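Descriptive analysis of the structure
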Amino acid sequence: MTDTAAEPVLLGAGPEPDAGEPGPSPTGRADAVVFAVGDAERAARRYCAALGLRCTAYAGPETGEPETVSYVLTAPGTRIVLTSLVQVIGPRGRELAAHLDRHGDGVLDVAVSVPDVYYAYDYAVDRGALSLAEPYETRDAYGVVVLAAVGVPGGTRHTLVDRAGYAGPYLPGFVPYDGF
């Protein structure tokens, strides 16, 4: 996830569309890679020490997320989110628990920043991607983020993100963090 790896990654430009096809394909840049891990705090400390990343945001029970804890680690051109389970209450907790049971620690989500989530979502679903979450807006005091999610063969979730109207540390529900 360096600057070169952040080249357009979603449905990159291909051959010219036929007359009946919509216009250019939506392109995006890597926004974040979300890992499911057994102990997010321990993993975050190790990633920061070993890779020189900086922890910039946190979400967990203290911020209103009772099922998980997440640490956002950054470096120029890179954003990694480490998430672990606190307790299973609802669908998010069940999804994370099932992923950890099946696969252990690993990639849960590849988030892609796109200029128009509605268009990118429709484009992907029209071409066979599985709809996991239709486009929706989420907001807090920092602004609004538009999100949607699609699934592709292999089971990894791809979240489409438009944070043009957002100035917060990561996503709504996350708070700035500089603990280690």
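Provided above is the structure to which this section pertains.
Keep in mind that this is a model prediction, so the values were computed, not measured.

Conventions we followed
Residues numbered from 1 in each chain as written. Predicted model: local features only at pLDDT ≥ 70, side-chain atom pairs only at ≥ 80, totals over all residues. Heavy atoms only, no water. Pairing = 2+ DSSP bridges. Helix = DSSP H or I, 4+ residues; strand = E, 2+ residues; numbered from the N terminus. Contact = heavy atoms within 4.5 Å. Axes fitted to C-alpha atoms, helices over the stretch in contact; angles between N-to-C directions. Buried < 20%, exposed > 50% of the residue type's maximum accessible area, 1.4 Å probe, protein only. Lys, Arg positive; Asp, Glu negative; His and termini not counted. Salt bridge = Lys/Arg side-chain N within 4 Å of Asp/Glu carboxyl O.

A look at the sheet that holds strand S1 (residues 29-36)
Read across the sheet, nine strands follow the order S6-S7-S8-S5-S1-S4-S3-S2-S9 without closing on themselves; strand pairing throughout is mixed. Each edge of the open sheet is held by one strand with a lone partner, namely strand S6 (130-140) and strand S9 (175-176). Sheet analysis places strand S2 (residues 54-59) next to strand S3 (residues 68-75), joined by five bridges and oriented antiparallel. When the bridges of S3 are listed, arginine 54 appears paired with threonine 74. Contacts from helix H2 (residues 91-103) reach S1, S3, strand S4 (78-85), strand S5 (106-113) and strand S8 (157-162) within the one sheet, and its direction differs from that of S4 by about 95°.

Details of the side chain of glutamate 67
With respect to the secondary-structure elements, glutamate 67 resides in the loop between S2 and S3. Despite its burial, glutamate 67 remains without a salt bridge, the nearest opposite charge being carried by arginine 92 at 6.2 Å. When residues no more than four places from it in sequence are discounted, the contact partners of glutamate 67 are Ser84, Leu85, Val86, Gln87, Val88, Ile89, Gly90, Arg92, Gly93 and Arg94.

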